[in-house]
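Architecture and fold: a report
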Amino acid sequence: MPKPEDFNLDHVANLARINLTAEEKTRFSSQLGDVLTYIAQLNEVNVDGVEPTAHAFPVVNVWADDVAEAGLPVEDALRNAPEKRDNMFVVPKVVE
Amino acid sequence: MTYETVIGLEVHVQLKTRSKMFTRVAAGYGHPENTLTDPVVLALPGTLPVMNKDALDKIIKAGLLLGCDIAPVCKWDRKNYFYPDSPKNYQISQYDQPICRGGSVEIELPGPARNVMGEHKRIALTRIHLEEDVGKLNHGEGASLVDFNRAGTPLMEIVSEPVIQSADEAFAYLTALKTIMIYGGISDCDMEKGQLRCDANISIRPVGQEALGTKVELKNLNSFSFVRDGIAHEIRRQTAVVESGGKIVQETRDYDGQTGTSQSLRSKEMAHDYRYFPDPDLMPVEVDSAWKESIRSGCPELPFDKQRRLLEQYQVPYTITSVLVPDGELSDYFEEAARLSGKPQAAGNWITNDLLRELGASKTPLSASKVRPAHVAGLVKLVEDGTILSNAAKEVFIDMFHSGEMPEAVLARKGLKAETNLEDLERWCAEAIAANSKSVADYKGGKESALNAFKGPVMRAAKGKADPKRVDETLRRLLAQ
Amino acid sequence: MPQELFNKPVTELSGMLARGEVSAVELMRSVAERTRKVEPKVHAFNSLDEEDALAQAAASDARRAAAKASGAEVHALEGIPIGIKDVISVAGQPLTASSRMLATFVSPYDATVTTKLKAAGAICWGRLNLDEFAMGSSTENSAFGVTSNPYDLERVPGGSSGGSAASVAAGEAIASLGSDTGGSIRQPAALCNIVGLKPSYGRVSRYGLIAFASSLDQIGPFARSVDDAATVLGAISGHDRRDSTSLRMEVPDYRRGMDELRKSGRKWRLGIPKEYFGEGLDPEVGAAVQAAIAEYTKLGCEVREVSLPHTKYAVGAYYIIATAECSSNLARFDGVRYGHRSKDATDALDLYFKSRAEGFGPEVKRRIILGTYVLSSGYYDAYYLRAQKVRTLIRRDFLEAYKQVDAIVTPTSPTPAFRKGEKAANPLAMYLNDIYTIGVNLAGLPGISIPCGFTGGGLPIGLQIIGQPFKETELLAVARSYEERNDWRNRFPTL
């Protein structure tokens, strides 16, 4: 298992798309450091040959037939939009 | 130094389903903005995905047609990245357990001439997986507008091995892939509607070198010819860079088909880390042999297999098959007409020349054509047995195309039936022979072409309604007496 | 004190409604008046729509009259005001998850449980406070104020479904719905002296529940009695075509099933996991739980010690799995289609960074960051995959124990309600508060918390009973056999 000190808060906050204040960085670093240290005890567990559990009660082939149903009227689709124009959602310019 | 090119293509194909991949609102193209959404498409809080069975059927069909191994079990993964066209900011996709692996696409390279079959080869596939499409961003002044109609459409990603060697091969690969998808009813692959999209990874290396060169990803290849032109352009660009002592930079470039130029997409220096993990909202898919077999039983004959069969079974020329085969419906139409008429080549000529010309001119789809295989077969028979002459037959065809009447009915209505009164014909031939003793002598002296001198007067006498074959026969018989 | 309408259980109220002794409108008025009176102290609700609730009640009275005329059957929940955690969607109502991110969001659709409650005739009453996005154990992480424990207003009601628990305890709702990812129903139920049930994973549809950790979340009821919990569970259970993880299993009539089990005189075999009675367990809580176990022995149950050896790893595995899933589930809150949008974003990327920084509270940010980290390149196998394997071992522990026992009995929470602010600065201490409830979610099992006494200071104590997969009827029967022998549930808070 990686070491708690491998944790790079700036990099991860960047991936998560959350700006952090300097104060938050200090606080989170210490709090998450504690949590990661606690989590590191999972290292003690021998998991050789153990299958991972993704679902408590796995079943397969849960699907629906391809039948088109009515969707949301466009005004409902846009009702909660912070900004809209021409029946579309407005976002600030996407800079590649 | 000579260089060789190595190309791998990633092709995205939208599946032709009624509803979306993970929710049942309708999928479609050309609808007013944001009218094909529901709470799931918009990723409203609390919504959950449910798989579309038909999309699974269709990707399995694609896999079977391309000779892939169908995984007995596959799962869904979340590919996490933020982008305004992605409602959940993750895409449901398949990461390490795609539903199809391996397989290949048979392609035909351009032949030495248009009427000669080109070389065939197989392009190996790495994998095919299923995922969901994203919405559409419209870039405006200082802002972008997002339409989520396309979001959630079932999307198949077909990844080739890096084994394509030229722009022509890439073009042939896409063409073959498209034909197979259309044959299978899997997708219409209309690039203008975004139903097929293609990215190319291109590198060059000195001939003989084993290691691959630095690859460049080419995006926005949004028509078949842009794919060919864009790749050709990139190969020239890379060759020029290397030959002038430069180095290829690993990058993504955007090809502009209008200007025939490409430019680097300067992406922010933010490493991609998609944080794939199994989607806990979806259960795995298990494909047993019964399911596979039921799909296999509905698989059509592959286009190139059909072409080989048409060539063999009907003895028609390559040029006819190369027109017929890309269109499965047209090939079926041909086979029906060939069967009904017993004259495949004649039927093939009518279909690939006259029928396609009229359909094209009137923008009529084949399915709406009033001329059915029985019409074509009827016309072929009338020409064969001399009831009608070929120029009159052309007129009959156009009439049938508009009226939908059977050729006999058109003939009767228009009075275009060829003259079959044998007594008249005998008389006209005898008169023509009697009137031209010089040509009789020439013919009897071994000059075969002298026969033509009698035909003009006979045809004139018959007002053009005599069957040339019968005229020919009658003249020879009388001259031999 | 004489029992007011707002303090009565569903079993009693449904009889009164059926006999015409009270109308749904009168009942709703009683609950609404009580709410107006105590809500300033308790703050269980994020929003209330009294007018809408009274209209629903009037409609319920009309339905009942029509049913009476036609002889049609009436559901036990007809006309009963049920509060709904503000993380479960009700069409046309706010859905905030107690987050600034969704402060103005109005949902256009009903969650499946909402549809089912409405079909049963229940009145959807108010939006109940919670820890933001259900992340927390105290309801202190709400962007809209802390909910108080009705038994001690200086203390927390537990969480994350603190509003759901406090409202039922304080007479502001007859029953309520909450969601439980790591104990978010059972722990606040324990701290507020009511019954809280987390069903087997897949028993109740999650469609319309804002996802925290998809593989662990489950909706369940808060109620004043085991019977009431069974009634609400029956109304909301069942396969849903909109939730691929809801299972196609028949929904039993839980109350009839319990009655049949009682009639059969079945003697339960109960397991006491030694790992749940160690360090960190408050002595008063421990004593109350032991007394409850002694009651079971008196009832003729066979009580034996069992071992769940991987218990100490449950919190670690849970915080990897839950945060990983939440980091992805909460990516959709970006200010593009709905939700909080920063006013000073310069471009689309900046919009994400600022909107999310402004919209999420600190606990949500911490968990998203932790979850993003454990999934990030190079760490997946070491954290997420390993945690999923540990999850398998934890699940096996339970299934192994169920070879010997019918149900497992433990404390619900190691401590009674703690003071507001007491653990706010120490997330790890807060996480460890869930130590007895988390294993149940990892294993997908049903679990219930029922009142089992009070501390000397008058704080409620909960008893957790953990059942076998999809054997909610048995679990409820075990819980009721204890409930019938005490009066803890009738010790109402003084407000």
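Just so it is clear, the model here is predicted, and its values are computed rather than measured.

Thresholds applied
- Residues numbered from 1 in each chain as written.
- Chains lettered and ligands numbered in written order.
- Predicted model: local features only at pLDDT ≥ 70, side-chain atom pairs only at ≥ 80, totals over all residues.
- Helix = DSSP H or I, 4+ residues; strand = E, 2+ residues; numbered from the N terminus.
- Rg over C-alpha atoms; globule rule 2.2 N^0.38 Å.
- Buried ≥ 20, exposed ≤ 12 C-beta atoms within 10 Å, placed from the backbone.
- Contact = placed C-beta atoms within 7 Å.
- Pairing = 2+ DSSP bridges.
- Axes fitted to C-alpha atoms, helices over the stretch in contact; angles between N-to-C directions.
- Expected span 1.5 Å × (residues − 1).
- Arc of directions from axis to C-beta.
- Nonpolar A, V, L, I, M, F, W, Y, C, P; charged D, E, K, R; others polar.
- Core = buried A, V, L, I, M, F, W, Y, C linked by C-beta atoms within 7 Å.
- pLDDT = per-residue confidence, 0-100.

1. Observations concerning the overall build of chain C
Counting its regular elements, chain C contains 16 helices and eleven strands. Relative to the globule expectation of 23 Å for 495 residues, the C-alpha radius of gyration of chain C, 21 Å, shows essentially globular dimensions. Reported as C-alpha extents along the three principal axes, the dimensions of chain C are approximately 65 × 55 × 45 Å. Burial analysis of chain C (495 residues in total) assigns 67% to the buried set. Relative to all contacts within chain C whose residues are 6 or more apart in sequence, the contacts with residues 24 or more apart total 75%.

2. Observations concerning the overall build of chain A
Helix and strand counts for chain A stand at three helices and three strands. Relative to the 2.2 N^0.38 estimate, which gives 12 Å for 96 residues, the radius of gyration of chain A is 23 Å and therefore markedly larger than a compact globule would have. Going through the 96 residues of chain A one by one, you find that 28% of them count as buried.

3. With respect to the interface of chain C and chain A
Taken together, the 58 residues of chain C in the interface contact 44 residues of chain A. Those elements that place two or more of their residues in the side of chain C that touches chain A are α10 (314–329), α11 (348–359), α12 (362–375), α13 (381–401) and α14 (427–432) of chain C. With eleven residues, the top contributor of residues to the side of chain C that touches chain A is α13(C).

4. So, the sheet that holds strand β10 (residues 136–139) of chain B
Spatially, the four strands line up as an open sheet ordered β2(A)-β3(A)-β11(B)-β10(B), and their pairing is antiparallel. Of all strands in the sheet, those bounded by a partner on one side alone are β2 (84–85) of chain A together with β10 of chain B. Relative to strand β11 (residues 143–147) of chain B, β10(B) runs antiparallel, the two sharing four bridges. Its bridge partner being in β11(B), B:L137 is matched across the sheet by B:V146.

5. A closer look at the sheet that holds strand β2 (residues 81–85) of chain C
Residue and element names in this part refer to chain C. Strand order across the open sheet formed by eleven strands is β1-β3-β2-β4-β6-β5-β10-β11-β9-β7-β8, with mixed pairing between neighbours. In the strand order of this sheet, the two ends are held by β1 (45–47) and β8 (302–306), each with one partner. Across the sheet, the mean angle separating the axes of adjacent strands is 35 degrees when strand polarity is ignored. Sheet strands touched by helix α2 (residues 24–42): β1, β2 and β3 (123–128). Its angle to β2, the strand with the most contacts, is close to 45 degrees. Sitting on the sheet, helix α16 (residues 472–483) touches β9 (407–411), β10 (447–454) and β11 (460–466), and the angle it makes with β10 is about 10 degrees.

6. Examining helix α15 (residues 468–480) of chain B
Residues and elements named next belong to chain B. Spanning 13 residues, α15 covers 18 Å between terminal C-alpha atoms, matching the ideal 18 Å at 1.5 Å per step. Residues of α15 that are buried include every one of V471, T474 and L475, and no others. Buried residues of α15, seen end-on, are gathered within an arc of 100 degrees and therefore sit on one face of the element. The exposed set on the far side of α15, more than 90 degrees from its buried face, consists of K469, R476, R477 and A480. Elements in contact with the buried residues of α15: α12 (422–434) and α14 (452–461).

7. Quick look at the interface of chain B and chain A
Contacts between the two partners involve 42 residues from chain B and, on the opposite side, 32 residues from chain A. Secondary-structure elements contributing two or more residues to the side of chain B that touches chain A are β2 (51–52), α1 (53–65), β10, β11 and β18 (285–286) of chain B. Ranked by the residues each element gives to the side of chain B that touches chain A, the list is headed by β11(B), at five residues. Residue classes in the side of chain B that touches chain A are distributed as 21 nonpolar, eleven polar and ten charged. Bridge count between strand β3 (residues 88–92) of chain A and β11(B): four bridges; the pairing is antiparallel.

8. Points about the environment of B:A200
Residue and element names in this part refer to chain B. Inspection of the secondary structure assignment puts A200 in strand β13 (residues 196–206). A200 sits in the buried class, given 25 other C-beta atoms within 10 Å. Separated by 173 residues in sequence, A200 and A27 place their C-alpha atoms 27 Å apart. Those residues within four positions of A200 in sequence are excluded, and the remaining contacts are I7, L9, A170, L218, L221 and I231.

9. As for unusual backbone geometry
For the bond from C:G159 to C:S160, the omega torsion is 10 degrees, close enough to zero to count as cis. Here C:S160 lies in the loop between β3 and α5 (162–169). The residue A:D86 is not glycine, and still its phi comes out positive at about 50 degrees. Of note, A:D86 is situated in the loop between β2 and β3.

10. A look at the nonpolar core
Of all hydrophobic cores here, the largest spans 259 residues; its most connected members are B:I59, B:A170, B:Y173, C:I82 and C:A317. Of the residues forming this core, the biggest block, twelve residues, is contributed by helix α2 (residues 167–183) of chain B. Ignoring any residue separated from it by four or fewer positions in sequence, one finds B:I59 in contact with B:L15, B:I99, B:C100, B:I128, B:L130 and B:M156. Core analysis: the second largest hydrophobic core is formed by 32 residues, B:Y333, B:F334, B:I388 and B:L389 among them.

11. Some points on the pairing of strand β16 (residues 261–264) of chain B
Residues and elements named next belong to chain B. With four bridges connecting them, strand β15 (residues 251–256) and β16 associate as antiparallel partners. In the strand pairing of β16, D256 is matched with T261. With antiparallel pairing between neighbouring strands as the criterion, β15 and β16 make up a hairpin whose turn holds four residues, including G260 at a positive phi of roughly 70 degrees.

12. Points about the confidence of the model for chain A
Here chain A averages 94 in pLDDT, and 98% of its residues register 70 or above. Strand β1 (residues 63–64) of chain A holds the highest mean pLDDT among the elements of chain A, 98, whereas helix α2 (residues 22–39) of chain A holds the lowest, 95.

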